[in-house]
Amino acid sequence: MKARRKIWIPVVTALMRKDGLVLLGQRPKGSLQGQWEFPGGKIEMGETPEEALKRELQEELGVTATVGDLRLATTHTYGDRGVLILFYDVRFWKGEPKSQHHVDLMWVKPEEIHRQEIPEANRKILAQLTAILNS
């Protein structure tokens, strides 16, 4: 009997910074409900990661973003699903971020992210993320 192949989900996230703070959104009902995450989402068929992140930021925050450099790539496993997470710098956008998907939004100091309830996929690389956000 052939083993079932694991499912991999490609995800893009934005490291949005303003005045020394980084934007986090609180997840709505469903998977990882209530946890704080960097804005972003899944890459759809036919999209580049940058196109996906630009679309997700428009859908989730109502902003038109300029996607910068890829800063970090990592993987994580949730049960039988794996996620490939690509973290991009997003330093420029038009419009004020408004919660159109998340329960709430907050701007926090990078060194205070660890105080929030964040997904394990982010927590395990938090030292790397903090270093990037402080660079």
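Above this text is the structure in question.
Attention in this report is confined to the structure presented alongside it. (Residues numbered from 1 in each chain as written. Predicted model: local features only at pLDDT ≥ 70, side-chain atom pairs only at ≥ 80, totals over all residues. Heavy atoms only, no water.)

### What about the overall build of the protein?
Regarding its fold elements, the protein presents three helices and nine strands. Going from N to C terminus, the protein has its helices and strands arranged as β-β-β-β-α-β-β-β-β-β-α-α. Taking 135 residues into account, the globule formula puts the C-alpha radius of gyration at 14 Å, and the protein, at 15 Å, falls close to it. In terms of its C-alpha atoms, the protein occupies a principal-axis envelope of roughly 55 × 35 × 30 Å. Across the 135 residues in the protein, those meeting the buried criterion constitute 44%. Counting only contacts in the protein whose residues sit at least 6 apart along the sequence, the fraction spanning at least 24 positions is 67%. Carbon and sulfur atoms make up 52% of the accessible area of the protein, which amounts to about 7,800 Å² in all. In the protein, the 20 positive side-chain charges and the 18 negative ones have mean positions that sit 4 Å from each other. (Helix = DSSP H or I, 4+ residues; strand = E, 2+ residues; numbered from the N terminus. Rg over C-alpha atoms; globule rule 2.2 N^0.38 Å. Buried < 20%, exposed > 50% of the residue type's maximum accessible area, 1.4 Å probe, protein only. Contact = heavy atoms within 4.5 Å. Areas by Shrake-Rupley, 256 points an atom, 1.4 Å probe, with all protein chains shown as cover. Lys, Arg positive; Asp, Glu negative; His and termini not counted. Charge placed at Lys NZ, Arg CZ, Asp CG, Glu CD.)

### Side note on the packing of aromatic side chains
This model, assessed by the stated rule, comprises two aromatic pairs. An angle of 85 degrees between the planes, with centres 6.0 Å apart, marks the rings of F38 and F87 as edge-to-face. Residue F38 is found in the loop between β3 (36-37) and β4 (40-42), and its partner F87 is found in strand β7 (residues 81-90); the two are separated by 49 residues along the sequence. Considering the side-chain rings of W93 and W107, the 6.1 Å spacing of their centres and the 20 degrees angle between planes classify their relative orientation as stacked. Here W107 lies in strand β9 (residues 105-108) and W93 lies in strand β8 (residues 92-94), a separation of 14 residues in the sequence. (Phe/Tyr/Trp six-rings, centres within 6.5 Å; stacked < 30°, edge-to-face > 60°.)

### Quick word on the pattern of salt bridges
If you walk through the whole model with that rule in mind, you get nine salt bridges. The salt bridge partner of K18 is E96, with a shortest N-O separation of 3.5 Å. One end of the pair, K18, is in strand β1 (residues 7-18); the other, E96, is in the loop between β8 and β9, with 78 residues separating them in the sequence. (Salt bridge = Lys/Arg side-chain N within 4 Å of Asp/Glu carboxyl O.)

### Points about the pairing of β7
Of all 10 residues in β7, eight are buried; the element is thus mostly enclosed. As judged from the 10 bridges shared by β1 and β7, these two strands associate in the parallel manner. Across the sheet, P10 pairs through a bridge with L84, a residue of β7. Pairing between strand β6 (residues 70-78) and β7: eight bridges, direction antiparallel. Residue pairing across strands places T74 opposite I85, the latter belonging to β7. In sequence, β6 turns back onto β7 through a hairpin of two residues, with G79 there showing a positive phi of about 65 degrees. (Pairing = 2+ DSSP bridges.)

### Considerations on the environment of G25
Along the polypeptide, G25 turns up in strand β2 (residues 21-26). It is 8.9 Å that separates the C-alpha atoms of G25 and W107, two residues lying 82 residues apart in sequence. Contact partners of G25, with chain neighbours within four places excluded, come to Q35, W36, E37, H102, D104 and L105.

### Brief notes about the environment of P110
Tracing the backbone through its elements, the reader meets P110 in the loop between β9 and α2 (120-123). According to the relative accessible area criterion, P110 is buried, its value standing at 4%. For the pair P110 and K94, spaced 16 residues apart in sequence, the C-alpha to C-alpha distance is 22 Å. Not counting residues within four places of it along the chain, the set of residues in contact with P110 comprises G20, V22, T130, L133 and N134.

### Section: the side chain of Q35
You can see Q35 is positioned in the loop between β2 and β3. If we ignore the near neighbours within four places in the chain, the residues touching Q35 are G25, Q26, R27, E117, I118, P119 and E120.

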